[in-house]
Amino acid sequence: MRLRELLRLYWSRLSRFSRNIRLLLLGDLLIGLGMTFWGLLFNLYLKEFGSGLGLDEAGLGMFIGKTTAIAQVAAALCALPAGFCAGRWNHRTVLVVSHLVSLAAFVLAILNPSPGGLHLCLFLGAGASVFFWVVTGPFTMENTESEERAYVFTLAFTLRLVGSIGGNILAGHVKEWAALAGLSQVGAYRAAILAGLGVSLLGVIPFLMIRSRRHEPCPQEKGLSLSGIRDWDWSYYGKALLPSFILAIGAGLIVQFMNLYLKDSFPGLSDSRIGFFMSLQSATMVVGMLAAPLLAEKVGKVRTIVGSQLASLPFMLALAVTTDLRVAVGAMLLRASLMNMSGPVSNTLIMELCRKREQGVLSALFTLNWNLSWAMSALVFGHMKGNY
């Protein structure tokens, strides 16, 4: 299928989405654009911040790994409470309040001059942001029909990536412009990240326009509570979570620190050039994700998920052994596209097989599972960078 036909198909699907889903997708686009500044620059900021504290290379590795792990642990601790809130609280309220609280905490983290204050604010911000991400799954299920869902999840992922294409390009340039304006390296990173958080704040506007839907449970549908924890479908949870845990351990060592990998492996790369490479990565992921639902219709969801992820493994190996920037960038692009293209298909399959009243909890368990895995990976990264 040609790209034009593919885009026409998605446009026809988008025109049938409900108003609430379109507003959610618009908010995702704005948040993806703004938070990309954080994703690209935060680790680089930590490196400069730690150097200003007098940390050597080993100390910097441990500091960056610990800081990243703190954010992941906060997200893991808040995952289950967020899952219960997803089933009990108004979805629009959770989207708005959690996003505002997390942004405020991230701003304070960047402005804080001490490591302790940075870690505390980062913990609060990461914990609050989990409520936002956990509620989007049940919100999407509530506002879509079954035949739309793979396309909605795919478009949500894709629009975040589209935002990140522009965000990665802008973030590196904004940081360099701030440095040219006379700010220190730490000050330039702070200014650029704060600009990104300001853009992300615009994502609240579409969420405020969402029309709340009152959930009317079926007579046979029981409320979700801890007293019924033994009745949860733990067998299904285990089958769904184990592959995610294994993938997250590996991904946590790669995805979280790709910017540092490029900076340390290829000295002399500017932040704007790193941002350009990361934007290319997002662009290739967009193509893969748009094609994934169509591939799933032809060969099946399970084959699409397993096949695309297995195909990415050789490119991970290439990243580990190459000293050629062109090979590294090519491997980075292909790995990201193949590994992530099946994400929306996987989300759709997992949510459809889950009992409706447990969708919020399952979404929370996935968040807990993923963030604990990434926290472990971050600590391993800090140890390896500090000792090798």
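Just so you know, these numbers come straight off a predicted model, no measurement behind them. (Residues numbered from 1 in each chain as written. Predicted model: local features only at pLDDT ≥ 70, side-chain atom pairs only at ≥ 80, totals over all residues. Heavy atoms only, no water.)

Would you mind going over the overall build of the chain with me for this structure?
Of the regular secondary structure elements, the chain holds 16 helices and 0 strands. Here the chain, with 388 residues, has 52% of them falling under the buried criterion. Taking the intrachain contacts of the chain between residues at least 6 apart in sequence as the baseline, contacts between residues at least 24 apart amount to 85%. Accessible surface, the chain as shown: approximately 17,900 Å² in total, 67% of it carbon and sulfur. (Helix = DSSP H or I, 4+ residues; strand = E, 2+ residues; numbered from the N terminus. Buried < 20%, exposed > 50% of the residue type's maximum accessible area, 1.4 Å probe, protein only. Contact = heavy atoms within 4.5 Å. Areas by Shrake-Rupley, 256 points an atom, 1.4 Å probe, with all protein chains shown as cover.)

Before we go on, may I ask you to explain the nonpolar core in this structure?
Generally speaking, soluble globular proteins have nonpolar side chains that are buried together. One finds W38, L41, F42, Y45, I193, L262 and M332 to be the most contacted residues of the largest nonpolar core, which totals 46 residues. It is helix α2 (residues 19–52) that provides the largest number of residues to this core, a total of 9 residues. When sequence neighbours within four positions are dropped, the list of residues in contact with F42 reads F37, T67, I110, L118, L122 and I193. Counting 29 residues, the second largest nonpolar core, distinct from the first, contains L23, A79, V94 and L95. (Core = buried A, V, L, I, M, F, W, Y, C linked by side-chain atoms within 4.5 Å.)

When you look at the packing of helix α4 (residues 91–111) against helix α5 (residues 115–142) in this model, what are you seeing that I'm missing?
The relative placement of two packed helices comes down to the angle between their axes together with the axis-to-axis distance. Two elements in contact, α4 and α5, have axes separated by 8 Å at closest approach and are oriented at 160°. On the basis of the axis angle, α4 is roughly antiparallel to α5. The handedness of the crossing between α4 and α5 is left-handed. When its residues are assigned to classes, the contact of α4 with α5 shows 18 nonpolar, 7 polar and 1 charged. (Axes fitted to C-alpha atoms, helices over the stretch in contact; angles between N-to-C directions. Parallel < 35°, antiparallel > 145°, perpendicular 65-115°, else oblique. Left-handed = near helix turned anticlockwise from the far one by under 90°. Nonpolar A, V, L, I, M, F, W, Y, C, P; charged D, E, K, R; others polar.)

Help me understand the packing of α4 against helix α7 (residues 185–201) in this model?
Direction vectors running N to C along α4 and α7 enclose 170°, while the axes themselves pass 10 Å from each other. With respect to each other, α4 and α7 are oriented roughly antiparallel. Counted together, H99, L100, L103, F106, V107, I110 and L111 of α4 and R190, I193, L194, L197, S200 and L201 of α7 form the full contact between these two elements. Considering only residue class, the contact of α4 with α7 consists of 10 nonpolar, 2 polar and 1 charged.

Is there a simple way to think about the side chain of K175 in this case?
Tracing the sequence through the fold places K175 in helix α6 (residues 149–180). A polar contact of 2.6 Å, which involves the side chain of K175, links it to the side chain of Q185. (Polar contact = N/O pair within 3.5 Å; in protein donor to acceptor, adjacent residues only side chain to side chain.)

What should I look at first to understand the packing of aromatic side chains in this one?
Given two aromatic rings, one states the distance between the centres and the angle between the planes to describe the pair. Under the definition given, this model contains 10 aromatic pairs. Look at W38 and F42: their rings are 4.3 Å apart centre to centre, the planes differ by 15°, and that puts the pair in the stacked class. One end of the pair is W38 and the other is F42, both in helix α2 and 4 residues apart, which spans about a single turn. Of the residues examined, W38 reaches a relative accessible area of 12% and is grouped as buried. A residue is classified by how much of its surface remains accessible, and F42, at 7% relative accessible area, is buried. Measuring from centroid to centroid gives 4.7 Å for W38 and F106, while their planes differ by 40°, and the two rings are tilted. Taken together, the residues span a long stretch of sequence, with W38 in helix α2 and F106 in helix α4 at a distance of 68 residues. Across from the ring centre of Y189, 4.7 Å away, lies the NZ or CZ of K175, which sits over that ring. (Phe/Tyr/Trp six-rings, centres within 6.5 Å; stacked < 30°, edge-to-face > 60°. Lys NZ or Arg CZ within 6 Å of the ring centre and 35° of its normal.)

Help me understand the confidence of the model for the chain in this model?
Note that predicted coordinates carrying low pLDDT should not be read in detail. Taken as a whole, the chain shows an average pLDDT of 82; of its residues, 89% reach a score of 70 or greater. Considering only residues more than four positions removed or in separate chains, one finds that residues 216–224, a stretch of pLDDT under 50, has 10 contacts. (pLDDT = per-residue confidence, 0-100.)

Help me understand the pattern of salt bridges, please; the structure alone is not making it clear to me.
A side chain of one charge can pair with a side chain of the opposite charge if their charged atoms are brought near each other. Using the criterion set out here, one finds 4 salt bridges in the structure. Across the salt bridge formed by K47 and D264, the nearest N and O atoms sit 2.7 Å from each other. Of the two residues, K47 is situated in helix α2 and D264 in helix α10 (residues 258–265); the sequence distance between them amounts to 217 residues. Linked by salt bridges that have partners in common, K175, K263 and D271 make up one network. (Salt bridge = Lys/Arg side-chain N within 4 Å of Asp/Glu carboxyl O.)

In this structure, what is going on with a nonpolar patch on the surface? I would like to understand it.
On the surface, V73, L77, L120, F123 and L124 cluster together into a nonpolar patch covering about 450 Å² of accessible area. Secondary structure elements with two or more residues in the nonpolar patch: α3 (57–88) and α5. With respect to the helices and strands, the residue L120 is situated in helix α5. Take L120: its relative accessible area is 53%, and that puts it in the exposed class. (Patch = residues over 30% accessible without salt bridge, like charges linked within 9 Å, V, L, I, M, F, W, Y side chains within 5 Å.)

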